[in-house]
2 protein chains.
Amino acid sequence: MSGTDHQNGEAAATIGTLATPALLLDKNRLDCNLARLSSRMAEQGVVLRPHMKTAKSIDVAQRAYPSGAGPITVSTLAEAEYFAQHGFRDITYAVGLAPHTAARAMRLRKAGIDIKVLLDSPEQAAMLGAAGRAAGVIPSAFIEIDCDSHRGGLTGTDPKLLVVATALAEAGVKLTGVLTHAGESYSLSMPAALVAAAENERTVAVAAATTLRAAGHECPVVSVGSTPTAHFADDLTGVTEMRAGVYMFFDLVMHGVGVCTTDDIAISVLATVIGTKPEKGWILVDAGWMALSRDRGTAAQRVDQGYGLVCDVAGKIYPDLIVSQASQEHGILAIRPGSAHALPNLPIGAKVRIVPNHACATAAQHELYNVVSASSDAIHARWPRMRGW
Amino acid sequence: MSGTDHQNGEAAATIGTLATPALLLDKNRLDCNLARLSSRMAEQGVVLRPHMKTAKSIDVAQRAYPSGAGPITVSTLAEAEYFAQHGFRDITYAVGLAPHTAARAMRLRKAGIDIKVLLDSPEQAAMLGAAGRAAGVIPSAFIEIDCDSHRGGLTGTDPKLLVVATALAEAGVKLTGVLTHAGESYSLSMPAALVAAAENERTVAVAAATTLRAAGHECPVVSVGSTPTAHFADDLTGVTEMRAGVYMFFDLVMHGVGVCTTDDIAISVLATVIGTKPEKGWILVDAGWMALSRDRGTAAQRVDQGYGLVCDVAGKIYPDLIVSQASQEHGILAIRPGSAHALPNLPIGAKVRIVPNHACATAAQHELYNVVSASSDAIHARWPRMRGW
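A. Quick look at the packing of aromatic side chains. Scanning the model with the defined rule gives eight aromatic pairs over all chains in all. Aromatic side chains A:Tyr65 and A:Phe88 sit 6.0 Å apart centroid to centroid with 55° between the ring planes, which places their arrangement in the tilted category. Placement of the pair is A:Tyr65 in the loop between helix 2 (58-64) and strand 4 (72-74) and A:Phe88 in the loop between helix 3 (77-85) and strand 5 (90-96), with a sequence separation of 23 residues. Each member of the pair, A:Tyr65 as well as A:Phe88, is classed as buried. Centroid distance B:Phe83 to B:Phe88: 5.9 Å. Interplanar angle 85°. Geometry classified as edge-to-face. Considered together, B:Phe83 and B:Phe88 belong to a single accessibility category, that of buried residues. Over the aromatic face of A:Tyr307 sits the side chain of A:Arg296, whose NZ or CZ is 5.5 Å from the ring centroid.

B. Main features of the interface of chain B and chain A. Listed by partner, the interface residues are 53 residues for chain B and 53 residues for chain A. Summing the contributions of chain B and of chain A, the shared interface buries around 4500 Å²; its carbon and sulfur component is 57%. Our count for the chain B to chain A interface comes out at six salt bridges. Across the salt bridge formed by A:Lys277 and B:Asp146, the nearest N and O atoms sit 2.3 Å from each other. The tally of links between chain B and chain A comes to 26 residue pairs in polar contact (both at pLDDT 80 or more).

C. Local environment of the sheet that holds strand 6 (residues 114-119) of chain A. Residue and element names in this part refer to chain A. Strand order in the open sheet formed by eight strands is 3-10-9-8-7-6-5-4, with parallel pairing between adjacent strands. Edge positions in the open sheet fall to strand 3 (47-50) and strand 4, since each of these has one partner strand only. Along the sheet, successive strands turn relative to each other by an average axial angle of 30°, direction set aside. Here strand 6 runs beside strand 7 (residues 140-145); their pairing, made up of four bridges, is parallel. Paired with Leu 119 across the strands is Ile 143, a residue of strand 7. Each of strand 5, strand 6 and strand 7 is contacted by helix 4 (residues 99-110), which is oriented at about 160° to strand 6, the strand it contacts most.

D. Inspection of helix 7 (residues 191-214) of chain B at higher detail. Residue and element names in this part refer to chain B. Between the first and last C-alpha of helix 7 there are 34 Å, a value that for 24 residues agrees with the 34 Å anticipated at 1.5 Å per step. Of all the positions in helix 7, only Leu 194, Ala 197, Ala 198, Glu 201, Arg 202, Val 204, Ala 205, Val 206, Ala 208, Ala 209 and Leu 212 are classed as buried. Looking at the buried side of helix 7, the elements it contacts are strand 7 (140-145), helix 6 (160-171), strand 8 (174-180), strand 9 (221-224), helix 8 (227-232) and helix 9 (252-257). Positive phi shows up at Gly 216, right after helix 7, with a value of about 95°.

E. Broad picture of the pairing of strand 2 (residues 22-26) of chain B. Along strand 2 of chain B, five of the five residues are buried, which leaves the element largely enclosed by surrounding structure. Because side chains alternate across strand 2 of chain B, one face comprises the buried residues B:Ala22, B:Leu24 and B:Asp26, and the other comprises B:Leu23 and B:Leu25, equally buried.

F. Inspection of the relation of the copies chain B and chain A at higher detail. When chain B is fitted onto chain A, the two copies agree to an RMSD of 0.0 Å after a turn of 180° and an axial shift of 0.0 Å. The superposition operator between the copies reduces to a two-fold rotation axis. Taking C-alpha positions as the reference, the residue of chain B nearest the rotation axis is B:Arg294, at 2.5 Å. A high fraction, 100%, of the interface residues of chain B reappear at the interface in chain A, so the copies pair face to face through one surface.

G. Representation of the environment of A:Ala165 in the model. All names here are of chain A. With respect to the helices and strands, Ala 165 occurs in helix 6 (residues 160-171). When its relative accessible area of 2% is taken as the criterion, Ala 165 is described as buried. Placed twelve residues apart in sequence, Ala 165 and Gly 177 show a C-alpha to C-alpha distance of 9.9 Å. Sequence-distant contacts of Ala 165, that is, excluding residues within four places in its chain, are made with Ile 143, Leu 175, Leu 212 and His 217.

H. The arrangement of the domain arrangement of chain A in detail. Residues and elements named next belong to chain A. Its domain assignment divides chain A into domain 1 (27-249) and domain 2 (262-384). Taking the mean C-alpha position of each, domain 1 and domain 2 sit 33 Å from one another. Across the contact, 19 residues belong to domain 1 and 18 residues belong to domain 2. Where domain 1 abuts domain 2, roughly 1400 Å² becomes buried across the two surfaces, and 55% of that area is made up of carbon and sulfur atoms.

I. Layout of helix 1 (residues 27-44) of chain B. All names here are of chain B. For helix 1, spanning 18 residues, the distance from its first C-alpha to its last is 26 Å, which sits close to the expected 26 Å at 1.5 Å a residue. Taken together, the buried positions of helix 1 are Lys 27, Leu 30, Asn 33, Leu 34, Leu 37 and Met 41. One side of helix 1 carries all its buried residues, which in axial view fall inside an arc of 130°. Counted as exposed and oriented over 90 degrees from the buried face of helix 1: Cys 32, Ala 42 and Glu 43. With a side-chain oxygen lying 2.9 Å from the backbone nitrogen of Asn 28, the N-terminal cap of helix 1 falls on Asp 26. One or two residues past the end of helix 1 sits Gly 45, with phi positive at roughly 70°.

J. Region of the structure containing the environment of B:Thr229. All names here are of chain B. Along the polypeptide, Thr 229 turns up in helix 8. In this structure Thr 229 comes out as buried when scored by relative accessible area, which is 0%. A sequence separation of 139 residues divides Thr 229 from Asp 90, and the C-alpha atoms of the two residues are 23 Å apart. With residues up to four places along the chain from it excluded, the contact list for Thr 229 reads Ala 182, Ser 185, Ala 197, Ala 198 and Glu 201. Among the polar contacts listed, one links the side chain of Thr 229 to the side chain of Glu 201, at a separation of 2.8 Å.

What counts and how
- Residues numbered from 1 in each chain as written.
- Chains lettered and ligands numbered in written order.
- Predicted model: local features only at pLDDT ≥ 70, side-chain atom pairs only at ≥ 80, totals over all residues.
- Heavy atoms only, no water.
- Phe/Tyr/Trp six-rings, centres within 6.5 Å; stacked < 30°, edge-to-face > 60°.
- Helix = DSSP H or I, 4+ residues; strand = E, 2+ residues; numbered from the N terminus.
- Buried < 20%, exposed > 50% of the residue type's maximum accessible area, 1.4 Å probe, protein only.
- Lys NZ or Arg CZ within 6 Å of the ring centre and 35° of its normal.
- Contact = heavy atoms within 4.5 Å.
- Buried area = accessible area lost by both parts, 1.4 Å probe.
- Salt bridge = Lys/Arg side-chain N within 4 Å of Asp/Glu carboxyl O.
- Polar contact = N/O pair within 3.5 Å; in protein donor to acceptor, adjacent residues only side chain to side chain.
- Pairing = 2+ DSSP bridges.
- Axes fitted to C-alpha atoms, helices over the stretch in contact; angles between N-to-C directions.
- Expected span 1.5 Å × (residues − 1).
- Least-squares fit on C-alpha atoms with pLDDT ≥ 70 in both.
- Domains from an automatic or database assignment.
- Arc of directions from axis to C-beta.

Have a look at this one:
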């Protein structure tokens, strides 16, 4: 592992002695979350291709693949290069291609990494073909399919689908398959709607693959995925692989969607009380948006969690205590409006854990994970995160 | 300078060849912004103590102090240690004190750094006294004053003011002065209201100092500041120093407040077009919230700028083109609702610059500043940023 192991050597760090704010990762919860989706996909006979954009950590990736590197998804070429350096060779870069990323991806391909890229236009197909020729490799690409008007991609019935496939063939690019992401599932919360979103994601992707195959294009992979649809899909017929990222850690947004309980959420931010304003019902802590991120993803959900839900140092939730406001290095804890619960008595120096709205955004504010477990207050390891592009 | 200078040696980088997303810093605008507030404070006879929480860069700090280190403000002890290593010795840590930060600050003081800390309770005073004794130094502290119910601190008339001052004296801590921050000024936009907020910040701080002095406490420093009040204060009688941070770069929130024009904003995020959806009026770029931050500070202002205002690669604004949505590595550009302007024709691979809502939050997402100027497209230098706590 690339992280520091604290079991031998230097004096053992504990949650109590950690400087704050600090990011904690509960390894037991991480393992449960990893196992839950792995076994779900194994049952359905679908390859799981975890998205590393959430964790951005080789140690987490190795926890997902304890017996050796497997297929992964990444959101930047810096991630692709980082995971390739650490032995991952089957990588999908799931963000639309530009000229500079095409050239950089083809350098990785030249180095023996089976990198697949994403596009939805004949212009990108020609550009990728040129980058492949320049590097002396045959590129592999997915055509991006738009299943829910969320972002990029072609709708399943867009006649451009065959135009792009033809452009790929003409450019000497291998068509790996079709790829879609049910991003709108993040805005749902009813199980029936989530099952329907997963079924829509499947049918749109499978229909696009069917169209391509009927026109004579090989299209071996049908790749779908989002954490909500991965957990709610009833039927994955025709799907060959599932992508998901935030499922490893979960967060309050996923709790609001209904994919996890708060006890499944594996990351939290440890903070220290630095002031109290009893007359305003406030407790001030040293975790502001720099430690929590500016993400307010629960603002549009049924329960608005502010900038996070507050727990005691052992991880037990204080009823209705949330981070109601955040400035750069200050968080203001307050009881949720309308609640009858009282503000807990937390003096200066007391520590709390804050469960975040959005794991991807909060983790990105930190250099490393302090790895903890439920059974003790020891910091078992420190796992670095990569960043940048 | 600690940054890399690109004027000799390796092949010159340009905006056109930079991998995206990337943070650009216009050094001419930076210099103008620095000079504007410096000369304003010099005219008023008030010390300017720039807040380094926005820039977090020794190169920017040296630009603010070209003839040698001066007084600075910081938001974390990691910043204090970083700037101390680079020769800054007069540092105010303007976040409420906790036991671990008291001990760490006193280690800096023991190393010869004149660090001042902030508190508003007798418990913190006792804690700081103990940390000072443990380190063998006499601590210096500000009492935090709350001028606008924004965050921490004591109101100017709180009887606890004298209780805290007495506790400091009993703990063997030097009372440096009073410190307040008109954080609520960020929500204003009318010049008369901004002048009034500055005058309120001044009068509350001066009154607190007067109360302390009348009770026999030395209270040499009256420290106020926020970027809006620093630029709108008509009268600073009794104030000895001004703190501000975002004024160095400015941003769309400060533009909405009325402190700067969009042409004053010194930072922007360079992005590349990775997709188009003309049927939806969308252009997709490779700058999502990871590059822009999740900050939506203009959402509450008269003009909502989405996740940022879009300019061409030379910095000229496309009328009413904003980043309307952001996911982790995708930004969706669209024309502001209600505008008659047309979507510009930006093909795959085209580059744009995005002016951010909140300079502190956006810059924090990046490793370094790519330093540019108005006169060419060269990258003049790369200035690293520090991070963490």
